[in-house]
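Structural description and commentary
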Amino acid sequence: MHITLYRKYRPKNFEEVAGQKEIVKTIKTSLRNGKTSHAYLFTGPRGVGKTTLARLIAKGVNCLENGITDEPCNRCENCLAINNGTFLDMVEIDAASNRGIDEIRQLKEKINYQPVKGRKKIYIIDEVHMLTKEAFNALLKTLEEPPEHVIFILATTEADKILPTIISRCQRYDFKTLSLNDMKEQLRFIGKSEGVDIPDEVLELIYESSGGSVRDAVSILERIMVTCLGEEITLEKSEEVLGVTSAKKMEEFLMEIKEKNYTKLVKTLDSFWNDSVEIELFFKDFAKYCKGLMAKGELEIEKGLTIIGCIFDSLNKFKYEEDKRLVGYVIVDNLMKRTGKPTEVIVERVVEKEITPTKEEIKLERKEKLEGITLEYIAGKWNDIVKEAKREKITLGAFLITAKPYKLEDDILYIGFDAESSFCKEQMENSAYNDVFTEVVRKIINPKLKLKYITIGKKKEIEKDSGDFTKKIVDFFGGEIMV
């Protein structure tokens, strides 16, 4: 029977645990000195070794050959049973599906029974944060004064949902996602054991896709190995298996941004769209790609942070827009403006559509005061206007997200856009959108109303404060300042 790589290479002793060095060291010391706790709380992301370490503790206190030890033999009856998940004195409970008070009461009734095969009964409660409040309260007393022969190990991915009274009764350990080097080392070991050579760039791709989870990384590696069975594993094949944008395409896209090639960038997005590439996923991959270049020193940190910030600002602002290609256009427009050389600070002003009327046009232009219509009245109806416009033409909803009624002069309503939304303003000036929107506004407000689109303010200069800039870098990489 086929055994998945994750199960096949699950650590059987403490030395095989990837990462978590300090946690492993502390638990080994406690086992070596016979000072184990009656209750542990393991917190951290999925797939980083919480359940694995819980099983190692079970072996450490129940090994028949070496006694209570930090070096279980992996040969005796108890060690082998724990490896296989058949040890009678190790009970694993999934709190996600056994979360009620009845399940905890049943557990409390059984814990007084002495171990059948080992020295200690080990209760591993996974996703413990899923227990109901009543179940938590029922567990409290047992955690505070459990029988001598019982060890509780609670595992959770959401420590903030655990009652403080539970946490105070446990020895807590916070697990972290693996570093790139630790993950590479683990995957190389598995690849070598399977007789497969894995290029360094593929290991980095797997790490980014796994989010630092060992379980996810090993599963991804297995997918790649199965797909490339009997063939050389390459970055291109791995990218295809994972469905991520190729590094070559992202390299070319970044070059076009640096060269401010609007036409090429738009054509690239159109090409992605025609090839059924998910535009939103591409930009998220592109943000990760820029992050990797920053870490290697191949992209200026300030420029990289600007690109990443611009991408996620736009994706969040237009998250309900169905046509993601339009969102891609907005991102490109903002990237072109925000990755250029910093401009001088300009006093905020209103920039209206730059059309100089002729004398004849001025004579012919007639303005009519619309009785009973005020800017406040229009502002109160604005949400209804946008909803109706979106029903008429879905893309109008995206272009009008930052728009607002700015001023009303006689029969002309000026609709303002902030400086970051110049692309949206330009689209609204196109007759394909303006005609539809004007019709909606006239239907709801007044049939004689005319519309003009203006830009409010000027884009502010990129922040230069070194303190704020340093904080951005620290926050981005999840590090800390050492003094």
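A few words now on the overall build of the protein chain. Each helix and strand in the protein chain was counted, giving 22 helices and 9 strands. Burial statistics for the protein chain: of 483 residues in total, 46% are counted as buried. Put simply, 74% of the contacts in the protein chain that link residues at least 6 apart link residues at least 24 apart. Of the roughly 26,600 Å² that the protein chain leaves accessible, carbon and sulfur atoms contribute 49%.

What the rule picks out here adds up to 26 salt bridges. Close ionic contact of Lys28 with Glu15 constitutes a salt bridge, the shortest N to O distance being 2.5 Å. Remark: Glu15 occurs in the loop between helix H1 (5-8) and helix H2 (21-32) and Lys28 occurs in helix H2; sequence separation between them is 13 residues. Look at Lys28 and you get buried, because its relative accessible area is 15%. Between Arg391 and Glu388 there is a salt bridge; the shortest N-O distance is 3.0 Å. Taken together, the positions of Arg391 and Glu388, both in helix H18 (residues 375-392) and 3 residues apart, correspond to about one turn of that helix. Take Arg391: its relative accessible area is 62%, and that puts it in the exposed class. It is possible to trace a salt-bridge network through shared partners that takes in Lys184, Arg188, Asp200, Glu204 and Lys296.

To continue, consider the packing of helix H9 (residues 200-210) against helix H10 (residues 214-227). For the pair H9 and H10, the least separation of the axes is 9 Å and the interaxial angle reads 130 degrees. Looking at the two axes, H9 sits oblique to H10. Handedness of the H9/H10 crossing: right-handed. On H10, the residues touching Val202, Ile206, Ser209 and Ser210 of H9 are Asp216, Ala217, Ile220, Leu221 and Ile224. Counted by class, the contact of H9 with H10 contains 6 nonpolar, 2 polar and 1 charged residues.

The next subject is the sheet that holds strand S1 (residues 39-43). With parallel pairing, 5 strands are arranged side by side in an open sheet as S2-S3-S4-S1-S5. Two strands close off the open sheet at either side, each with one partner strand: strand S2 (90-94) and strand S5 (171-174). Neighbour to neighbour, the strand axes of the sheet diverge by 15 degrees on average, direction disregarded. Pairing of S1 with strand S4 (residues 150-156) involves 5 bridges; the strand directions are parallel. Paired with Phe42 across the bridge in S4 is Ala155. Here helix H6 (residues 133-144) sits on the sheet in contact with S1, strand S3 (121-126) and S4, set at roughly 135 degrees to S4.

Moving on, we come to the nonpolar core. Core analysis: the largest hydrophobic core is formed by 58 residues, its most contacted members being Phe253, Phe286, Ile415, Met428 and Phe437. When residues in this core are grouped by element, the largest group, 9 residues, is from helix H14 (residues 279-296). For Ile415, the residues in contact, after removing those within four places along its chain, are Trp382, Ala403, Lys404, Tyr406, Phe437, Leu451, Lys452, Tyr453 and Ile454.

Once that is clear, we can look at the packing of aromatic side chains. Evaluation of the coordinates by the stated rule reveals 16 aromatic pairs. Measuring from ring centre to ring centre gives 5.1 Å for Phe42 and Phe175, while their planes differ by 55 degrees; the resulting arrangement is tilted. Within this pair, whereas Phe42 is found in strand S1, its partner Phe175 is found in the loop between S5 and helix H8 (180-193), the two being separated by 133 residues in sequence. Just as Phe42 is buried, Phe175 falls in that class too. Measuring from centroid to centroid gives 6.0 Å for Phe282 and Phe286, while their planes differ by 20 degrees, and the two rings are stacked. A residue pair is termed a helical-turn pair when its members lie 3 or 4 positions apart in one helix, as Phe282 and Phe286 do in helix H14 at 4 residues. A single burial state applies to Phe282 and to Phe286, both of which are buried. Site record: aromatic cluster; members linked through ring pairs are Phe253, Phe272, Phe282, Phe283, Phe286 and Tyr289. When the ring centre of Tyr414 is taken as reference, the NZ or CZ atom of Lys407 above it lies at 4.7 Å.

Criteria and thresholds
- Residues numbered from 1 in each chain as written.
- Predicted model: local features only at pLDDT ≥ 70, side-chain atom pairs only at ≥ 80, totals over all residues.
- Heavy atoms only, no water.
- Helix = DSSP H or I, 4+ residues; strand = E, 2+ residues; numbered from the N terminus.
- Buried < 20%, exposed > 50% of the residue type's maximum accessible area, 1.4 Å probe, protein only.
- Contact = heavy atoms within 4.5 Å.
- Areas by Shrake-Rupley, 256 points an atom, 1.4 Å probe, with all protein chains shown as cover.
- Salt bridge = Lys/Arg side-chain N within 4 Å of Asp/Glu carboxyl O.
- Axes fitted to C-alpha atoms, helices over the stretch in contact; angles between N-to-C directions.
- Parallel < 35°, antiparallel > 145°, perpendicular 65-115°, else oblique.
- Left-handed = near helix turned anticlockwise from the far one by under 90°.
- Nonpolar A, V, L, I, M, F, W, Y, C, P; charged D, E, K, R; others polar.
- Pairing = 2+ DSSP bridges.
- Core = buried A, V, L, I, M, F, W, Y, C linked by side-chain atoms within 4.5 Å.
- Phe/Tyr/Trp six-rings, centres within 6.5 Å; stacked < 30°, edge-to-face > 60°.
- Lys NZ or Arg CZ within 6 Å of the ring centre and 35° of its normal.

This is a description of form; function is not addressed.
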